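The primary structure of each chain is shown beneath.
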Amino acid sequence: MTTQLTHYVDEMNSPLGTLTIVATEKGVCHIHFGELSKCSASLKAWLKKQGRKGEVIRCKETLHPICKQLEDYFAGKRDHFDVPLDLCGTEFQKKVWNTLKEIEYGQTKSYKEIAQQVGAPKAVRAIGGANNQNPVPIIIPCHRVIGSNGNMVGYGGGLDKKELLLSLEGAIEKIS
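Residues numbered from 1 in each chain as written. Predicted model: local features only at pLDDT ≥ 70, side-chain atom pairs only at ≥ 80, totals over all residues. Heavy atoms only, no water.

As annotated in an unreviewed UniProt entry, the protein carries the name Methylated-DNA--protein-cysteine methyltransferase and comes from Halalkalibacter alkaliphilus. You can read under Sequence similarities (unreviewed entry) in the UniProt record for the protein the words "Belongs to the MGMT family." Taken from UniProt, the Subcellular location (unreviewed entry) comment for the protein reads in full: "Cytoplasm". (UniProt positions renumbered as here; feature names shortened; annotations may be inferred.)

Colleague: So what exactly am I meant to see when it comes to the pattern of salt bridges here?
Modeller: Side-chain pairs of opposite charge can arise whenever the charged atoms involved come near each other. This structure, assessed with the given rule, holds seven salt bridges. With a closest N to O distance of 3.9 Å, Asp82 and Arg78 form a salt bridge. Judged by relative accessible area, which is 52%, Asp82 ranks as exposed. Note that Arg144 and Glu169 form a salt bridge whose closest N and O atoms lie 2.8 Å from each other. Of this pair, Arg144 sits in the loop between α5 (124-132) and β8 (145-146) while Glu169 sits in the segment after α6 (159-168), and the two are 25 residues apart along the sequence. Across the pair, exposure class does not vary: Arg144 and Glu169 are buried alike. Each of the salt bridges in this network shares a partner with another, and the network as a whole consists of Asp10, Glu11, Arg58 and Lys60. (Salt bridge = Lys/Arg side-chain N within 4 Å of Asp/Glu carboxyl O. Buried < 20%, exposed > 50% of the residue type's maximum accessible area, 1.4 Å probe, protein only. Helix = DSSP H or I, 4+ residues; strand = E, 2+ residues; numbered from the N terminus.)

Colleague: Hey, could you run me through the UniProt feature "domain: Methylguanine DNA methyltransferase ribonuclease-like" (unreviewed entry) in the protein in this one?
Modeller: If you check UniProt for "domain: Methylguanine DNA methyltransferase ribonuclease-like" (unreviewed entry), the listed places come out as residues 12-87 in our numbering. Structurally, residues 12-87 is divided into 38% helix and 22% strand, and its ends, taken at the C-alpha atoms, are 21 Å apart.

Here it is as structure tokens:
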């Protein structure tokens, strides 16, 4: 199914580097680690894969509330997000992403715990796959999912970013 929407895009600086944020009138639909100039091709491919058509417009004003919440999070002034989301994914992915939103700030859960929570205890790899396809990292806190042995495993933005986010939240010791 193709969806015709205007996609608003802007960048913001963060402790993780530049973030490119995309939203529609419905809500945030994508966060990319990197500058728009470097992720433009992958963003277009993602939009096409999701069946999304329409204009892509750079617009600070539309994305200001989202950027403000992210800035507050990085400054330690916010421990959750209440911006609307416009997610594309399978029913299973959406179920996993909704479960990830329940992981409290500063806490972690294992992939196995998430699999049990969504009622698919043997689907640990599928949980990892859904995590990897999370279009709005940070807001849907896939960085809070770790290996059952406590190790940092898998993060689309890179393990250094996952460690920084967990350190910021106090879930792990500060990294140097």
